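For reference, the chains in residue letters:
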Amino acid sequence: MAHWAELDSDNKVLRVLVGDNNDPAGDEGYSWIIENLGGTWIKTSYNAGTNGFRYNFAGIGFTYDPIDDAFIAPMPQCGHDAMILNSLKRWECSSCDDDIRQRLAGIQE
Ligand SMILES: [Zn+2]
């Protein structure tokens, strides 16, 4: 199934809709969406985790980065300075990872 993400003027995802793969226009529902709903829509893939299409499957509140052609989740508010966007365009915090490791170590003791 084709999925389409609507972007606002700041490239923030407003919603994600499923397009019709069998749309007679042959465009997986894109022209139907534009004609009936208007707005700015780009494709996203439910299988982005395996096929890498635009890195991540878009969700409401995600941001689309047109330079890297990537959907990026909102940054987690953990308050650490170690938060980085990794090469898979996912947030990663080594300070949070350390907390988890310490907690796991505590359980095992
Ligand atoms: Zn953190």
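Small disclaimer: the values here were computed from a predicted structure and weren't measured.

What counts, and where the lines are drawn
Each chain carries its own residue numbering, running from 1 in the direction its sequence is written. A pLDDT threshold of at least 70 governs which residues receive local features in this predicted model, and a stricter bar of 80 or more applies before side-chain atom pairs are shown or counted, although totals over entire chains, interfaces and linings include all residues. Paired strands, in this sense, are two strands between which DSSP finds at least two bridges. Put simply, DSSP marks the helices as runs of H or I at least four residues long and the strands as runs of E at least two long, and each gets a number from the N terminus on. As a rule, the C-alpha atoms of each element are fitted with a line to give its axis, helices using only the stretch in contact, and angles between N-to-C directions run from 0 to 180 degrees. Boundaries of every domain are those given by an automatic assignment or by a domain database. Contact between two residues is assigned whenever their backbone-derived C-beta positions fall within 7 Å. Classes in brief: Ala, Val, Leu, Ile, Met, Phe, Trp, Tyr, Cys and Pro nonpolar; Asp, Glu, Lys and Arg charged; the others, Gly included, polar.

Describing the sheet that holds strand β1 (residues 2-7)
For step 1, the next point in the chain: In spatial order, the strands read β2-β1-β3; together these 3 strands make up an open sheet with antiparallel pairing. Each edge of the sheet is formed by a strand with only one pairing partner; in this case those strands are β2 (13-19) and β3 (40-44). Across this sheet, the average inter-strand angle for adjacent strands is 30 degrees, counted without regard to direction.
For step 2, the next point in the chain: Of the pairings in the sheet, the one linking β1 to β3 comprises 5 bridges and is antiparallel in character. Bridge pairing in β3 places Leu 7 opposite Thr 40.

Section: the domain arrangement of the protein
One frequent convention defines the size of an interface as the accessible area lost when the parts assemble.
For step 1, the next point in the chain: Along its sequence, the protein is carved into domain 1 (1-74) and domain 2 (76-109).
For step 2, the next point in the chain: Taking only C-alpha atoms into account, the centre of domain 1 sits 29 Å from that of domain 2.
For step 3, the next point in the chain: Each partner contributes residues to the interface: domain 1 has 6 residues there, and domain 2 has 5 residues.
For step 4, the next point in the chain: Looking at the side of domain 1 that touches domain 2 residue by residue, the classes come out as 4 nonpolar, 1 polar and 1 charged.

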